Amino acid sequence: MFNVKLSIFSGTRILEQKIDEMHDKVMESSLFFKEAFNIYMREKRSTNYRRSSKKIKNLESEADTLRRDIESQLYIQNLIPDLRADVLQMVENLDKVINEFDEVAHKFYIERPVIPPEFKEKFHILVDQVCECAENMSICSRAFFRDFATVRDYSRKVYFLEHESDKTWAALKQDIFDSDLELAHKIQLSGLIGEVADIADRAEDCIDAVLIFTIKRDI
């Protein structure tokens, strides 16, 4: 199982390019999210942060357009009909991860949380784990279309990173509620770290689907 190396895109080069672009958008969203978070930790809601978070918003908009284009191609041109439903779900899942990056970045801009110095290290660790999880999800999803042999390897990385992000999220949440911060501040920070961790959960959901689709193709 998972030992096939074969592209499903025979004769559908334009569709292949669009799905590749969708995976690229996930990778770029992850990188820009990390960039935006690092800026926020240094400067809070600055012009630089707004500029960086705007990059994610633009990617989210471009991804929505790509998703609609892919859906249109699959139906109007009747491409890869045996896999159409699976491919559509995968593309929608990729789009949801990008949406999560955009929503969390915007939430930081709107809520302007004050992150005490003693929590910054774990915040950074959580963001790094979540971003790496999303990036490996993108690689794994891309492999579904070309190289089954690597699907399992990258899916394991996603599951591992999601589990590690859960542990970091739980430890950080406990630290926050054990602190002397005001209750409202604790609730705000807890909610935000939960939304950051949810990005990894979304990536894990995507991989659950990829593995099911891979098994279906391998039968």
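Residues numbered from 1 in each chain as written. Predicted model: local features only at pLDDT ≥ 70, side-chain atom pairs only at ≥ 80, totals over all residues. Heavy atoms only, no water.

## Notes on the pattern of salt bridges
Then, in step 1: A full pass over the atoms with the stated rule returns 14 salt bridges.
Then, in step 2: Among the ionic pairs, Asp95 bridges to Arg67, the shortest N-O distance being 2.9 Å. One end of the pair, Asp95, is in helix 3 (residues 84–111); the other, Arg67, is in helix 2 (residues 47–76), with 28 residues separating them in the sequence. Assigned by exposure class, Asp95 and Arg67 land together as buried.
Then, in step 3: The shortest N-O distance in the salt bridge between Lys167 and Glu164 comes to 3.0 Å. Residue Lys167 and its partner Glu164 are both found in helix 5 (residues 151–178); the two are separated by 3 residues, about one turn of the helix.
Then, in step 4: Linked by salt bridges that have partners in common, Asp64, Arg67, Glu71 and Asp95 make up one network. (Salt bridge = Lys/Arg side-chain N within 4 Å of Asp/Glu carboxyl O. Helix = DSSP H or I, 4+ residues; strand = E, 2+ residues; numbered from the N terminus. Buried < 20%, exposed > 50% of the residue type's maximum accessible area, 1.4 Å probe, protein only.)

## Some remarks on a positive patch on the surface
Then, in step 1: A surface patch of positive charge is lined by Arg45, Arg50, Lys54 and Arg112.
Then, in step 2: Topologically, Arg45 is positioned in the loop between helix 1 (13–43) and helix 2.
Then, in step 3: What makes Arg45 partly exposed here is its relative accessible area of 32%. (Patch = residues over 30% accessible without salt bridge, like charges linked within 9 Å, V, L, I, M, F, W, Y side chains within 5 Å. Areas by Shrake-Rupley, 256 points an atom, 1.4 Å probe, with all protein chains shown as cover. Lys, Arg positive; Asp, Glu negative; His and termini not counted. Charge placed at Lys NZ, Arg CZ, Asp CG, Glu CD.)

## A few points about the side chain of Asn99
Then, in step 1: Locating Asn99 in the fold gives a position in helix 3.
Then, in step 2: Judged by relative accessible area, which is 18%, Asn99 ranks as buried.
Then, in step 3: Sequence-distant contacts of Asn99, that is, excluding residues within four places in its chain, are made with Glu60 and Asp64. (Contact = heavy atoms within 4.5 Å.)

Function cannot be read off these values alone, since they describe shape.
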